[in-house]
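Structure assessment
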Amino acid sequence: MYKKVESWSDVIQLEHHIQKYWDQHRSFDKLREKNAGKPPWSFLDGPITANNPMGVHHAWGRTLKDAFQRFWAMNGRSLRYQNGFDCQGLWVEHEVEKEYGFTSKRDIEEFGIDRFVEKCKERVRKFSAVQTEQSIRLGYWMDWSDSYFTMSDENNYTIWSFLKRCHQRGKIYRGTDVMPWSGRSGTGYSQMEVVEGRKLVAHEALFLKFPLKGRDKENLLVWTTTPWTLTSNVGAMVNPNLEYVKVRAKKDGELYYFAAENLKYQRLKTQYEEKKEWIKGVPKLKTLEQIFEEQGGFDIEGYVKGAEMIGWEYSGPFDEFEAQGIIGGYPFVDENVTLSGISAHRVIDGGQDNHGNQVVVAGEGTGIVHTAPGCGDIDHEVGIKLGLPHLAPLDENAKFIDKFGPLTGWHALEEKTVDWIIDSLKEKDLLFHTEMYPHVYPHCWRSGDPLVFRLVDEWYINMDWRDEIKEIVKQIRWIPDWGEERENEWLTNMRDWMISKKRYWGLALPIWVCPSCEHYDVIGSKAELKERAVEGWAAFEGHSPHRPWVDGIKIKCEKCGELAERIPDVGNPWLDAGIVPYSTVHYNTDPEYWKKWIPADLVLECFPGQFRNWFYSLLAMSTMMENIPPFKTLVGHALVRDENGNEMHKSSGNAIWFDDAVEKIGADIMRWIYCGHENTNNLNFGYGTARETRGKFYNTLWNTYSFFVNYARLDQWLPSDNPTPVAERPDFDRWILSNLQLTIKKVRHGFVEYNTRLCTRAIEQFVEDLSNWYVRHSRRRFWKGESDADTRMAYETLYECLYVLVRLVAPIMPFTAEDIYQNLVRSHDDKAPESVHHTEFPEVNDALVDETLSEDMRAAERLISLALSARESAKLKVRQPLAKLTIGPGDALELRAARRFADLLAEDLNVKTVETLDVEAPLPQVPTVLVVKPKLKVLGKRLKKQLLSWLVVTASWPCVSAGFK
């Protein structure tokens, strides 16, 4: 028999109790055994970084993943249930460095690369265990004994096979490029990684003079937000199509050239006024006109086209540096370049970048862009096109190398560097004006330090096969659908993929270079490495393919026969996650198994950054491996914010940790919030939101279940094997059962379409109808003394609704569904499936669907709502009985519903009789209250006011009439 249910559920205690039940009864294992051998449904998990405990933001995606897996399991599909942990990369290294107080790469090397790598592995093992327990607490059913780790040998060696294929197609190359670089971490960042760390900061920007040679007291006026790059200036770019103004300053009599429209241009005006992308305390930016006026005024002496300026020579701001005089560039010397920095100083055409965008435009600067090909990515492109020398002033710590005068050894971004540059420009009478300029600037997304752009020697994958990837993109279903466009946009604009990092903990790039002839080869597997190794294999065997163990292996150069050594670089971390459709599904060891599960039916991750990260790497690597989509459907969701819509940060005090939230809110409440949210919008999460969800939905569901169980216990009622046929039950019972079938249809549709919001909304509406409509109006039917047959049918109907409902909510609220199921079903039927998650997900029974009945009930609800509004406007409380409710004249649906559910209307509205008037019939002769349907809102205000006055005038009559117009 049922156990008594309290009207208030202790969600936290319930969930811990159910978790013990699942553990004791091996509920998850039995589900897998039940579905073994059935048609597969394949989910591919995006690995969570095993570096810290989970936050509430992690729980959104993991809830959705679990909900879809539970749904398909209840539909009899076989699943792999493999969770993934992302293990390698700078994020883990950075935390280990903090733990040991390391501040540089030298500290790591003195500590020992082998010890450091082992500490990174230990951290991954520690936090993967923490995240496993947290995920279990969330109710996430996975085969935790089979989680994949991107640091595994299988994952690393499968990446080797991908890189081998790239190499066989001639796509792996070594090259120099200007890349974002972290001086703190001593490594570069690929294009896909930079966006994650962009921050709004204010930097000291400079307006300075580039004196023109052969033109007395004439200058180019140049503007820069990165003063350190002036040390490596080579050229000055203009737009040949722009008009430039020639201004004479009254204070010194010198001439200045800059874009004409910049004279009065209000820089960052909108951002300042709207306080967007602005920093408190930074003053409004001045126009060039204002700056000149503050310095004594100016006169305009003429205009010149940018095209006429090309070729003008000028003196650079730091031509005294030895590096400026080296022909061919420094320290990377290009023998084909015959210019030094000094001899290259001239006005050049900025042209267009590689994407067809004009490099030089008027606006924030001066329309003249100082060019340092060794310090900027666009500058680098222009420098290559025009054969300019590249001066690369910074080492891997972002400090100036030798031949850069007093700056040698100084960090590019430290305050003393900027101060020295400003003082030096002042001494040379080259500084025109300084200002604090707010802009979004890239930072290391792990260590937080600002990045510099540095000329580097790295390894790349030539991505000229992007059109092949775009063809794969077409074969995938994108949810939201604009994801396809976003991915294609990234593929169109991306640069070559920088795959190397000068770090320690990560994929050991399988590239061996001969020091004699510089020929290089890419090794594609462990077996190939063993076969080709001529030195170091014995010391390596038994270790994972990581630094430093793999570094000792040497192979024979295929070109000259000398010994080739592995490059010391590790790989881009998105290689680790992008290969998982192959490495984790046994592509190399069990091809038939792999074909069964790939392409996966679903991948699901937070999408803001993943179009250029995980989604991109998945697509690129699968295109190269087998030229197939790695998944069929992609679902993306947005970000979790605090209740006010702000980013959660520990320093701001608004961060909510998963462990805190789940023990205050409950996993099921959290899961319902996540599943009920529109995926494309950021979710504002907090305890207030949880209380609202608990009050509006959860308690209603629980109280309906409590009502049934406690009355059924009193009456000793249990479901029969031969319930009353639905066709013989009252309209009210048949209506709620019809409504139930329509709800099943909506929920199934929501899950199949990967839209859990459709599911939650349909369930919430049904629970509202069941509790506040069906149960409320049927309450007396459950009392002894009423008709036994009617009572029996009420119990049967409510039981059937609850039994279906508990299975509908099971994928989303697994704990609560299990607790209700155990009492509702298992308490009296030990032959029923042991867990609600072993039951079949409800299917629609079309025979129970009665659309006419459902329409009539909806119309009756509208009539009651309308009449209640009439009562309220007439200040007649519901407890005051009225003689009659007149409905009409109206359309056929409302009249039919009023007649069919007259007793319901009379009960809800506290009237003795309900009268309906046909469309043709006149209104009652007694004074009436005329209330129109919601169309009233489209009528004029005067008419609405007049109708309300009629309502007040006739309020004393013992009759409220609702008419339709």
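Because the structure is a prediction, the values reported are computed rather than measured. (Residues numbered from 1 in each chain as written. Predicted model: local features only at pLDDT ≥ 70, side-chain atom pairs only at ≥ 80, totals over all residues. Heavy atoms only, no water.)

Concerning the overall build of the protein chain
The line we're drawing: Only runs of H or I of at least four residues qualify as helices and only runs of E of at least two qualify as strands under DSSP, and these elements are numbered from the N terminus. The classification of residues rests on relative accessible area computed with a 1.4 Å probe and restricted to protein chains. Under 20% of the type maximum is buried, over 50% is exposed, and intermediate values are partly exposed. Note on contacts: a residue pair qualifies if any of its non-hydrogen atoms lie within 4.5 Å across the two residues. Only the protein chains shown count as cover for residues, and all accessible areas are computed by the Shrake-Rupley method using a 1.4 Å probe. A positive count includes Lys and Arg, and a negative count includes Asp and Glu. His and the chain ends are not counted in either. Lys charges are placed at NZ, Arg charges at CZ, Asp charges at CG and Glu charges at CD.
The helix and strand tally for the protein chain stands at 33 helices and 31 strands. Within the protein chain, buried positions represent 56% of all 965 residues. Contacts spanning at least 24 positions in sequence make up 78% of the contacts within the protein chain whose residues lie at least 6 apart. When the accessible surface of the protein chain is totalled, it reaches about 40300 Å², and 48% of it is carbon and sulfur. Counting 121 positive and 140 negative side-chain charges, the protein chain places the centres of these two groups 5 Å from one another.

A short note on the side chain of Thr-225
Of note, Thr-225 is situated in the loop between β7 (218-224) and β8 (235-238). Its relative accessible area of 16% is what places Thr-225 among the buried residues. For Thr-225, the contacting residues outside a window of four places in its chain are His-203, Glu-204, Ala-205, Tyr-437 and His-439.

Notes on the confidence of the model for the protein chain
The condition that has to hold: Confidence scores per residue from the predictor, reported as pLDDT, run from 0 to 100.
For the protein chain, per-residue confidence averages 91 on the pLDDT scale, and residues scoring 70 or more make up 94% of the total. Predicted confidence is poor over residues 923-965, with pLDDT under 50, and the contacts of this stretch with residues over four places away or in other chains come to 67 contacts.

A closer look at the sheet that holds strand β2 (residues 84-86)
To keep it simple, the criterion reads: DSSP bridges decide pairing: two strands pair if at least two such bridges lie between them. An axis is simply a line fitted to the C-alpha atoms; with a helix, the fit covers only the stretch in contact. Between two such axes, the angle follows the N-to-C directions and lies from 0 to 180 degrees.
Spatially, three strands are ordered β1-β2-β3 in an open sheet, and the strand pairing comes out parallel. What marks the edges here is a single partner per strand, and that holds for β1 (48-49) and β3 (148-149). Against the sheet, helix α6 (residues 113-138) engages β1, β2 and β3, with an angle of about 140 degrees to β2.

So, a negative patch on the surface
Cut-off, in case you're wondering: A patch is a set of surface residues, each over 30% in relative accessible area and not in a salt bridge, joined within 9 Å for like charges and within 5 Å for the nonpolar side chains Val, Leu, Ile, Met, Phe, Trp and Tyr. Salt bridge, as applied in this entry: a Lys or Arg side-chain nitrogen positioned within 4 Å of an Asp or Glu carboxyl oxygen.
A contiguous patch of negative charge on the surface is contributed by Glu-415, Asp-419, Asp-423 and Glu-427. Here Glu-415 is to be found in helix α14 (residues 415-427).

Some remarks on the environment of Thr-150
Mapped onto the fold, Thr-150 is located in the loop between β3 and α7 (153-168). Relative accessible area serves as the criterion here: at 0%, Thr-150 is assigned to the buried category. Along the chain, Thr-150 and Ile-579 lie 429 residues apart, while their C-alpha atoms are 9.0 Å from each other. If we skip the residues at most four places from it in the chain, Thr-150 touches Pro-47, Phe-85, Asp-86, Cys-87, Gln-88, Asn-155, Asn-156 and Asp-576.

Overview of the nonpolar core
Convention followed: Grouping buried Ala, Val, Leu, Ile, Met, Phe, Trp, Tyr and Cys residues that are joined through side-chain atoms within 4.5 Å yields what is termed a nonpolar core.
One finds Phe-685 and Phe-708 to be the most contacted residues of the largest nonpolar core, which totals 209 residues. Aside from chain neighbours lying at most four places away, what touches Phe-708 is Tyr-2, Trp-717, Tyr-795, Leu-798, Tyr-799, Leu-802 and Leu-824.

What to know about the pattern of salt bridges
Enumeration according to the criterion identifies 63 salt bridges in this entry. For Asp-457, the salt bridge goes to Arg-174, with nearest N and O atoms at 2.9 Å. One end of the pair, Asp-457, is in strand β15 (residues 452-461); the other, Arg-174, is in strand β4 (residues 172-182), with 283 residues separating them in the sequence. Overall, the relative accessible area of 26% leaves Asp-457 in the partly exposed class. In this structure, Asp-601 engages Lys-632 in a salt bridge whose closest nitrogen and oxygen atoms are separated by 3.5 Å. On the criterion of sequence distance, the pair formed by Asp-601 in strand β25 (residues 600-606) and Lys-632 in strand β26 (residues 631-637) is long-range, its members being 31 residues apart. Using a relative accessible area of 44% as the deciding quantity, one classes Lys-632 as partly exposed. Residues joined in a network through salt bridges with shared partners are Asp-731, Arg-734, Asp-850, Asp-856, Arg-896 and Arg-900.

Notes on the sheet that holds strand β14 (residues 431-442)
The six strands are arranged β11-β9-β10-β7-β6-β14 in an open sheet whose pairing can be described as mixed. A strand with exactly one partner marks an edge of an open sheet, and here the two such strands are β11 (298-305) and β14. Neighbour to neighbour, the strand axes of the sheet diverge by 30 degrees on average, direction disregarded. Examined bridge by bridge, strand β9 (residues 243-249) and strand β10 (residues 255-259) share five bridges and lie antiparallel to one another. Within β10, the position partnered with Val-247 by the bridge is Tyr-256. Sheet strands in contact with α14 are β6 (198-211) and β14, and its direction is about 20 degrees off that of β6.

Here we look at the environment of Leu-413
Here Leu-413 lies in the loop between α13 (377-386) and α14. By relative accessible area, Leu-413 is classed as partly exposed at 27%. With 259 residues separating them in the primary sequence, Leu-413 and Glu-154 have C-alpha atoms 41 Å apart. Those residues in contact with Leu-413 that lie beyond four places of it in its chain are Trp-228, Pro-450, Leu-451 and Val-452.

Overview of the packing of helix α28 (residues 788-809) against helix α29 (residues 814-826)
For clarity, the cut-off: For classification purposes, an angle smaller than 35 degrees is called roughly parallel, one larger than 145 roughly antiparallel, one from 65 to 115 roughly perpendicular, and anything else oblique. Should the near helix be turned anticlockwise from the far one by less than a right angle, the crossing is termed left-handed; should it be turned clockwise, right-handed. All residues other than Ala, Val, Leu, Ile, Met, Phe, Trp, Tyr, Cys, Pro, Asp, Glu, Lys and Arg, Gly among them, are scored as polar; the first ten of these are nonpolar and the last four charged.
Two numbers describe how α28 lies on α29: the axes approach to 9 Å, and their chain directions differ by 150 degrees. As judged from the angle between their axes, α28 and α29 are roughly antiparallel. As for how α28 packs across α29, the hand of that crossing is left-handed. Contacts between α28 and α29 involve Tyr-799, Leu-802, Tyr-803, Val-806 and Val-809 on the former and, on the latter, Ala-817, Ile-820, Tyr-821, Leu-824 and Val-825. Residues belonging to the contact of α28 with α29 are distributed by class as follows: ten nonpolar, no polar and no charged.

Observations concerning helix α25 (residues 687-715)
What counts, and what does not: Multiplying 1.5 Å by the residue count of a helix minus one yields the expected span of that helix. To get the bend at a residue, fit one axis to the 7 residues ending there and another to the 7 starting there, then take the angle between the axes.
Over its 29 residues, α25 extends 39 Å from the first C-alpha to the last, a length consistent with the 42 Å expected when each residue adds 1.5 Å. At Arg-694, α25 shows its strongest bend, of approximately 40 degrees. After α25 finishes, the residue Gln-716 shows a positive phi value of roughly 55 degrees.

Notes on the packing of helix α1 (residues 11-25) against α29
At a minimum axis separation of 9 Å, α1 and α29 run at an interaxial angle of 75 degrees. In terms of orientation, α1 and α29 fall into the roughly perpendicular class. Of α29, the residues touching α1 (which contributes Leu-14, Glu-15, His-17, Ile-18, Gln-19, Tyr-21 and Trp-22) are Pro-814, Phe-815, Thr-816, Glu-818, Asp-819 and Gln-822. Split by residue class, the contact of α1 with α29 holds six nonpolar, four polar and three charged.

A few points about helix α26 (residues 731-752)
The terminal C-alpha atoms of α26, which comprises 22 residues, lie 31 Å apart, in line with the 32 Å expected from a rise of 1.5 Å per residue. With respect to burial, α26 is a largely interior element, 17 of its 22 residues being buried. Downstream of α26 by a residue or two, Tyr-754 has a phi angle that is positive, lying close to 55 degrees.

Considering the packing of aromatic side chains
For the record, the criterion: Ring pairs are drawn from Phe, Tyr and Trp, using the six-membered ring of Trp, whenever the two centres fall within 6.5 Å, and their geometry is named by plane angle: stacked under 30 degrees, edge-to-face over 60, tilted for the rest. Note on geometry: a ring has a charge over it if NZ (lysine) or CZ (arginine) is within 6 Å of the ring centre and within 35 degrees of the ring normal.
Under the counting rule described, the total for this entry stands at 69 aromatic pairs. Linked through ring pairs, Tyr-2, Phe-707, Phe-708, Tyr-711, Trp-717, Phe-782, Tyr-795, Tyr-799 and Tyr-803 together constitute an aromatic cluster. Stacked on the ring of Trp-141, the Lys or Arg Arg-70 has its end atom at 4.1 Å from the ring centre. Lying across the ring of Trp-312, Arg-215 places its NZ or CZ 3.9 Å from the centre.

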